[in-house]
Each structure stands twice: as C-alpha cells, then as structure tokens.
Amino acid sequence: MRGPASTYFKLGIFVILGLLALIATAFGLGFQRLRSDKATYHTYFDESVQGLELGSPVRYRGVPIGTVAAIAVAPDRRHVDVSLFVDRKEGERLALAEHPNLRAQLASQGITGVKLVNIDLVDPKLHPPADLGFPPAPNYIPSVPSLMKSLEENEAPKEQPLVTLFAELEQKFDGGAVDKPMSFYFTLGDDANAKWTV
C-alpha cells in the first residue's frame, strides 16, 4: 500500500525535474543570445543626443540593421560616443567602417521625440569626416548633423531677426503704406534654393 510519503516523493521529483528543465532552457536561450555574431561600430555626434536610448534602432537607409549599445561622452568632452551593435555579416556586406560616403545621423521616430541612428550615403565633399581631435575607436562611422542641428546652425536671416522683420511689416500694414497684397522671401543661410515665402 502506498502512503502519503511516496506521493510527496514523486511530487518532489516532478518539481525538481521541472525546475531543472526551466533552468536549462533559460541557459540555452541566454547562451544563444550571447553567441549571436554582433560587431560594435562607433560614431561621434557633436550635438545633444537627448531622446536616443540604449536599444534604439540603427538603420541603414531606413532598413533596420542593429541597435544602440552604449552612449558615453567622448574623450574630448564635446562629442558623444554612440556604440552601435550591428550583425557582423551585415556590417561587412555594407562595408560600414570602410565606405567613404557613409555617415551616421540622428533622426526622430515620429513626433514622440524618440531618436534613432540612420546611416546613409552622402557626398563626402559636402560632408567630410569631422576632425575629432582624438583617435576614433575601431569601426568608426563619421557623422553629420541632424536636421534640427542643421536648422539651428543656419538660422535665418542672421542680419535681421524675424521679430524685427515682422515688426516692420506690421508698421507698413498699419500705416497704410501697403494697399495691395505683397509677398517676399528670405533664405536659410547661404542656400539660395531654400526660400520661405511670407
């Protein structure tokens, strides 16, 4: 006749085997993740990286190829060193560290303020690699300013702030100096193709 002791013994063996199977599965999944063949690339941004977080996407011309692995202040205390985890085979296929026309750029995902790193082709004559002032890490990808940083640098027009411009317009309209609709434009920085019409 079987007693409660043999039932408890069988239940105990079942629980122990279940826990061992769970631990083996967790170990196997963790080992597989560690074994994944990732390469680390570095880029240095000369601007705020607010909104960029660990695990943020890294894209090549919009196609996901990796994630942000680390964010740190560079040795010159001006640039921000962003480490990127990219599949090793994909990085070699795209020649990420050797291609002279590739640049990394901060971009926004939608309107939330969350950032990502986009790697794209540029004209190296218009966007030469920055002089960092320190030796870059291996697998270095030069960067270009983000769209927002470019707009800040090319504030328009520098000679006459917008507040002054609109104050003068208001005086002309209030004083009756203008009796028909008028339009004018101003440019962003030195780019004559970027015109705003008011």
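Residues numbered from 1 in each chain as written. Predicted model: local features only at pLDDT ≥ 70, side-chain atom pairs only at ≥ 80, totals over all residues. Heavy atoms only, no water.

This part covers the overall build of the chain. The helix and strand inventory of the chain stands at four helices and eight strands. Listing every helix and strand of the chain by position from the N terminus yields α-β-β-β-β-α-β-β-α-α-β-β. Buried residues in the chain amount to 26% of all 198 residues. At a minimum sequence separation of 6, the contacts of the chain that also span at least 24 residues come to 59%. With the model as given, the accessible surface of the chain reaches about 14,100 Å², and the carbon-plus-sulfur share is 59%. (Helix = DSSP H or I, 4+ residues; strand = E, 2+ residues; numbered from the N terminus. Buried < 20%, exposed > 50% of the residue type's maximum accessible area, 1.4 Å probe, protein only. Contact = heavy atoms within 4.5 Å. Areas by Shrake-Rupley, 256 points an atom, 1.4 Å probe, with all protein chains shown as cover.)

We now examine the pattern of salt bridges. Per the stated rule, a full pass over the model turns up four salt bridges. Among the ionic pairs, Asp46 bridges to Arg78, the shortest N-O distance being 2.8 Å. On the criterion of sequence distance, the pair formed by Asp46 in the loop between strand 1 (38-45) and strand 2 (57-60) and Arg78 in the loop between strand 3 (63-73) and strand 4 (80-87) is long-range, its members being 32 residues apart. When its relative accessible area of 31% is taken as the criterion, Asp46 is described as partly exposed. According to the relative accessible area criterion, Arg78 is exposed, its value standing at 56%. A salt bridge links Glu90 to Arg93, with the shortest nitrogen-to-oxygen separation between them at 2.8 Å. Taken together, the residues span about one helical turn, with Glu90 and Arg93 both in helix 2 (residues 88-94) at a distance of three residues. (Salt bridge = Lys/Arg side-chain N within 4 Å of Asp/Glu carboxyl O.)

So, about the sheet that holds strand 5 (residues 102-108). Read from one edge to the other, the open sheet built from six strands follows the order 1-4-3-2-6-5, with strand pairing classed as mixed. Edge positions in the sheet fall to strand 1 and strand 5, since each of these pairs with one other strand and no more. In this sheet, adjacent strand axes meet at a mean angle of 30° when their direction is disregarded. Note that strand 1 and strand 4 share eight bridges and pair antiparallel. Pairing of His42 across the sheet is with Ser83, part of strand 4. (Pairing = 2+ DSSP bridges. Axes fitted to C-alpha atoms, helices over the stretch in contact; angles between N-to-C directions.)

Picture a little ball the size of a water molecule; that probe, rolled over the atoms, points out where space is still empty. There is about 260 Å³ of room inside the largest pocket. Asp46, Ala130, Ser143, Val144 and Pro145 are the residues nearest the centre of the largest pocket, which is lined by 14 residues in total. When contributions to the lining of the largest pocket are tallied by element, the ones reaching two or more residues are strand 1 and helix 3 (147-153). Taken together, the residues that form the lining of the largest pocket break down as seven nonpolar, three polar and four charged. (1 Å grid on protein atoms, 1.4 Å probe; cavity = no way out; pocket = protein on both sides within 12 Å on 5 of 7 lines; lining within 4 Å. Points joined across faces, edges and corners; volume = space filled by probe spheres on them. Nonpolar A, V, L, I, M, F, W, Y, C, P; charged D, E, K, R; others polar.)

This part is about the pairing of strand 4. In terms of burial, strand 4 is a largely internal element, six of the eight residues being buried. Where strand 3 and strand 4 come together, seven bridges link them in antiparallel fashion. Of the residues in strand 4, the one forming a bridge with Ala72 is Asp81. Counted along the chain from strand 3 to the antiparallel partner strand 4, the turn is six residues long, and its residue Arg77 has a positive phi close to 60°.

Our focus in this paragraph is the packing of aromatic side chains. On inspection of all chains with the given rule, the structure shows two aromatic pairs. Here the aromatic rings of Tyr44 and Tyr140 are separated by 5.7 Å at their centres, their planes lie at 45°, and the arrangement is tilted. Linking Tyr44 in strand 1 with Tyr140 in the loop between strand 6 (115-121) and helix 3, this pair joins segments that are 96 residues apart in sequence. Per residue, the accessibility class of Tyr44 equals that of Tyr140, and both read buried. Members of the aromatic cluster, connected to one another through ring pairs, are Tyr44, Phe134 and Tyr140. (Phe/Tyr/Trp six-rings, centres within 6.5 Å; stacked < 30°, edge-to-face > 60°.)

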